[in-house]
Amino acid sequence: MKSRYLIPIKYGRKTYPNSIIPKAQEIAGHFDVAIIRPSNMPYSLHTEYSYGKRKLNSDLIKKFRHITNSHKSGIPQLWFDKKWSREFCGFIKVLVDDNIPPKIIEIHPPFSDYCKSLELFVENYKTFENDILEVFPKTEIFIENRTGTRYPIGKFLLSSNRDIVKLSELISISNLKLRVVLDFPQLFTEHVASRPLSKVLIKDILNPIKDCKDFIAGIHVWGKRRNKNGRLVAHQGDLNAYFNNDMDLKTAFLTEIYNLFDDTKPRYFVPEVNSTNEDLNSIVYDFQTAGFEFI
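The rules we used
Residues numbered from 1 in each chain as written. Predicted model: local features only at pLDDT ≥ 70, side-chain atom pairs only at ≥ 80, totals over all residues. Heavy atoms only, no water. Helix = DSSP H or I, 4+ residues; strand = E, 2+ residues; numbered from the N terminus. Rg over C-alpha atoms; globule rule 2.2 N^0.38 Å. Buried < 20%, exposed > 50% of the residue type's maximum accessible area, 1.4 Å probe, protein only. Contact = heavy atoms within 4.5 Å. Areas by Shrake-Rupley, 256 points an atom, 1.4 Å probe, with all protein chains shown as cover. Lys, Arg positive; Asp, Glu negative; His and termini not counted. Charge placed at Lys NZ, Arg CZ, Asp CG, Glu CD. Axes fitted to C-alpha atoms, helices over the stretch in contact; angles between N-to-C directions. Parallel < 35°, antiparallel > 145°, perpendicular 65-115°, else oblique. Left-handed = near helix turned anticlockwise from the far one by under 90°. Phe/Tyr/Trp six-rings, centres within 6.5 Å; stacked < 30°, edge-to-face > 60°. Lys NZ or Arg CZ within 6 Å of the ring centre and 35° of its normal. Salt bridge = Lys/Arg side-chain N within 4 Å of Asp/Glu carboxyl O. Core = buried A, V, L, I, M, F, W, Y, C linked by side-chain atoms within 4.5 Å.

Caption draft 1: The arrangement of the overall build of the chain in detail. When helices and strands are tallied, the chain shows nine helices and 13 strands. Compactness check: the chain gives a C-alpha radius of gyration of 19 Å against a globular reference of 19 Å for 295 residues, within 12% of the reference. Taking the principal axes of its C-alpha atoms as reference, the chain extends roughly 50 × 45 × 40 Å. Within the chain, the proportion of its 295 residues that are buried is 56%. Partitioning the contacts of the chain with sequence separation of at least 6, the portion at a separation of at least 24 is 70%. When the accessible surface of the chain is totalled, it reaches about 13500 Å², and 48% of it is carbon and sulfur. Taking the average location of the 42 positive side-chain charges in the chain and that of its 35 negative ones, the two points are 4 Å from each other.

Caption draft 2: The arrangement of the packing of helix 3 (residues 118–135) against helix 4 (residues 161–174) in detail. At a minimum axis distance of 10 Å, the contact between helix 3 and helix 4 shows a crossing angle of 45 degrees. When the interaxial angle is binned, helix 3 and helix 4 end up oblique. Of the two possible hands of crossing, helix 3 and helix 4 adopt the one that is right-handed. Every residue of helix 4 that contacts helix 3 at Leu118, Glu119, Phe121, Val122 and Lys126 is listed here: Asp163, Lys166, Leu167, Leu170 and Ser174.

Caption draft 3: Quick peek at the packing of aromatic side chains. Across all of its chains, the model carries 26 aromatic pairs by this definition. Plain terms: the ring middles of phenylalanine 188 and phenylalanine 253 are 5.8 Å apart, the flat faces sit at 75 degrees to each other, and that makes the pair edge-to-face. Of the two residues, phenylalanine 188 sits in helix 5 (residues 184–192) while phenylalanine 253 sits in helix 8 (residues 247–260), which places them 65 residues apart along the sequence. Given a relative accessible area of 3%, phenylalanine 253 falls into the buried group. Taken together, the ring pairs connect Phe31, Phe64, Trp79, Trp84, Phe88, Phe91, Phe121, Tyr125 and Phe128 into an aromatic cluster. For the cation-ring pair, arginine 54 lies above tyrosine 49, with the distance from its terminal atom to the ring centre recorded as 5.2 Å.

Caption draft 4: Representation of the pattern of salt bridges. Enumeration over the complete set of coordinates arrives at ten salt bridges. The residue lysine 203 makes a salt bridge to glutamate 256 at a minimum N-O spacing of 2.9 Å. Residue lysine 203 is located in helix 6 (residues 199–206), and its partner glutamate 256 is located in helix 8; the two are separated by 53 residues in the primary sequence. Look at glutamate 256 and you get buried, because its relative accessible area is 8%.

Caption draft 5: Structural view of the nonpolar core. Residues Ile107, Phe121, Phe184 and Phe287 are the most contacted members of the largest nonpolar core, which totals 84 residues. Here isoleucine 107 is in contact with Thr47, Trp79, Phe88, Phe121, Tyr125, Phe128, Ile141, Phe142, Ile143, Glu144 and Leu178, once residues within four sequence places are set aside. Judged by nonpolar contacts, the second largest core, of ten residues, contains Tyr11, Ile104, Phe142 and Val270.

Caption draft 6: Representation of the environment of isoleucine 9 within the structure. Note that isoleucine 9 resides in strand 1 (residues 4–10). Beyond its immediate stretch of four places on either side in the chain, isoleucine 9 contacts Tyr16, Pro22, Ala24, Gln25, Glu26, Ile104, Tyr268, Phe269, Val270 and Pro271.

Right, here's the structure in full:
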């Protein structure tokens, strides 16, 4: 079986198995963060993702009035316009300060109520890419597909497989450096709604993305586990918990990912696990068993 290559990123305080050495760490860089202190390891700056309210009152963010004014019920409105994009670049430059430049900047999509199309997002985003790469020319920029937010009006503009394909086309046309980091649980949530996930659904969701796999530079994986009240909690547990201990469904998921990335391109691997090291190691083992190699 031909290997698929994954570049491990350290998430939180969780540790990989001894045989795997993470090549970077994830550092929070949302709008209520005023200072970062990365270790000597390269880092991925995880910027504002607009799930819930922010205070927007730090001395740092108050320097960027267009950002602080662009919100709905305290939830930041990303990529509001080109002025917002210029301020976002300024925010990141000041946040990074005299630290080493980020290896990766991870961004997130706007909402559909004020940014009506991916075409408009790309026009606003271009300003940011041009400005930030002048300061950090070697930094990679990734955008994550998103679903689920407390934002009261629109929905995230990059959520479905169709959105990912469309954005990839626009990136190619515009010759941008931007790439996609694919969050599988969020993608499945967007597509399945209240239906149970099945082997057929997994294949149907992932198949359209094969044509744009060259624009996918990384993946996010995590589990869901029921708490004592029976509510499913995201970023808890391993893949066994996520698939409700349906081993055939878990195997189908891993097989479809293996088939999706039928090339030798290394991709970043971010295990967004907030529970235990055992859960992280279980996910890593599943990917290794499926034919993925951590490098």
